[in-house]
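Per-entry structural report
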Amino acid sequence: MTVILFNKPHGVLSQFTDKGTEGSPRPTLSSFIDLPGIYPAGRLDRDSEGLLVLTDDGKLQARIASPKFKRPKTYLAQVEGDPTEDQLAALRGGVTLKDGPTRPATARRIAPPDLWERDPPVRFRKTVPDAWLEIALTEGRNRQVRRMCAHVGLPCLRLVRWSVGDWSVEGLAPGQWRHA
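Below is a summary of the structure that appears in this document. Nothing here was measured: the structure is a model prediction, and the numbers come from that model. (Residues numbered from 1 in each chain as written. Predicted model: local features only at pLDDT ≥ 70, side-chain atom pairs only at ≥ 80, totals over all residues. Heavy atoms only, no water.)

1. So, the nonpolar core
If you look at the biggest cluster of nonpolar residues, it comprises 21 residues, and the most contacted ones within it are Leu91, Ile135 and Val145. If you list the elements that add at least two residues to this core, you get β4 (73–80), α2 (85–93), β8 (130–137), α3 (144–151) and β9 (156–164). Setting aside residues no more than four positions away along its own chain, Leu91 makes contact with Ala105, Ala107, Leu133, Ile135, Met148, Cys149 and Val152. Leu5, Ile110, Leu115 and Val160 belong to the second largest nonpolar core, which has 16 residues in total. (Core = buried A, V, L, I, M, F, W, Y, C linked by side-chain atoms within 4.5 Å. Buried < 20%, exposed > 50% of the residue type's maximum accessible area, 1.4 Å probe, protein only. Helix = DSSP H or I, 4+ residues; strand = E, 2+ residues; numbered from the N terminus. Contact = heavy atoms within 4.5 Å.)

The structure is reproduced here in structure tokens:
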């Protein structure tokens, strides 16, 4: 069994080909990983960065991606605004999105993390405060952290998946990977 931990850079698609846009300049996983027979266990949207787990084991892939196994996924989210305790409590309790209620999450304000520079950088505005949150989910709906933050009035400026279960992106620069 092969398990790869990859630090997906911003702007990279979580797939090996860009079907539907022949000749597209959008980078895919194949720009970084040349190992046959491995596939992403879950996804990160093009605008998100951080840990993407890849494996050649279909059962493990399903256990990582499926919410029924409740494997925690921890994200560092830079949000626009100054989070209140009520907003954090709403995230912790779960919010109701268009596709139904989310499971409760852990959510706390953190100091700005020591992360790599993002390319392109997040737009800075002097008149609008921002803050960093650490949010852990046990499900993984499409753009869920972004939607949850927006729902409580904290639009997400930057989103980094830091860990999946015990696996972490720590020590990996964007575009780097290692065996787990």
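Next, the rest of the story.
2. Points about the packing of aromatic side chains
Going through the model one piece at a time under the given rule, you end up with 1 aromatic pair. Look at Phe6 and Phe32: their rings are 5.5 Å apart centre to centre, the planes differ by 50°, and that puts the pair in the tilted class. Remark: Phe32 occurs in the loop between β1 (3–8) and β2 (39–40) and Phe6 occurs in strand β1; sequence separation between them is 26 residues. Of the residues examined, Phe32 reaches a relative accessible area of 29% and is grouped as partly exposed. (Phe/Tyr/Trp six-rings, centres within 6.5 Å; stacked < 30°, edge-to-face > 60°.)

3. Concerning the state of the cysteines
Overall, the coordinates contain 0 disulfides when judged by the stated rule. Take Cys149: it sits in no disulfide, and the sulfur closest to it among the cysteines is that of Cys156, at 5.1 Å. Classification of Cys149 as buried rests on a relative accessible area of 0%. Judged by relative accessible area, Cys156 falls into the buried class, the value being 15%. (Disulfide = S-S within 2.5 Å.)

4. Some details on the pattern of salt bridges
Proximity of charged atoms lets side chains of opposite charge pair with each other. Inspection of the entire model under this criterion finds 10 salt bridges. Ionic pairing is found between Asp45 and Arg143, a salt bridge with its closest N-O pair at 3.4 Å. A residue pair is termed long-range when its members are at least 10 positions apart, and Asp45 in the loop between β2 and β3 (49–55) and Arg143 in the loop between β8 and α3 qualify at 98 residues. Asp47 is paired through a salt bridge with Arg143; the nearest N and O atoms lie 3.9 Å apart. With Asp47 in the loop between β2 and β3 and Arg143 in the loop between β8 and α3, the pair connects residues that are 96 residues apart, well separated along the chain. Residue Asp47 is classed as partly exposed on the basis of its relative accessible area of 33%. By relative accessible area, which is 35% here, Arg143 ends up partly exposed. Salt bridges linked by common partners bring Asp45, Asp47, Arg143 and Arg146 together as one network. (Salt bridge = Lys/Arg side-chain N within 4 Å of Asp/Glu carboxyl O.)

5. Some thoughts on the environment of Ile110
Turning to its location among the elements, Ile110 is positioned in strand β7 (residues 106–110). With 94 residues separating them along the chain, Ile110 and Phe16 place their C-alpha atoms 34 Å apart. Non-local contacts of Ile110, meaning those with residues more than four positions away in its chain, are made with Leu76, Trp132, Leu133 and Glu134.

6. Structural notes on the environment of Leu115
Assignment of secondary structure puts Leu115 in the loop between β7 and β8. When its relative accessible area of 14% is taken as the criterion, Leu115 is described as buried. It is 25 Å that separates the C-alpha atoms of Leu115 and Thr55, two residues lying 60 residues apart in sequence. Apart from the residues within four sequence positions on either side, Leu115 is in contact with Leu76, Trp132, Arg158, Val160 and Trp162.

7. Observations regarding the pairing of β4
Among the 8 residues of β4, 7 are classified as buried, and the element is accordingly described as predominantly covered. Where β4 and β8 come together, 8 bridges link them in antiparallel fashion. Pairing of Tyr75 across the sheet is with Ile135, part of β8. Summarising the sheet, β4 and β9 pair through 7 bridges and their orientation is antiparallel. The residue of β9 that forms the bridge with Ala77 is Leu159. (Pairing = 2+ DSSP bridges.)

Function-wise, these values are silent; they only describe arrangement.
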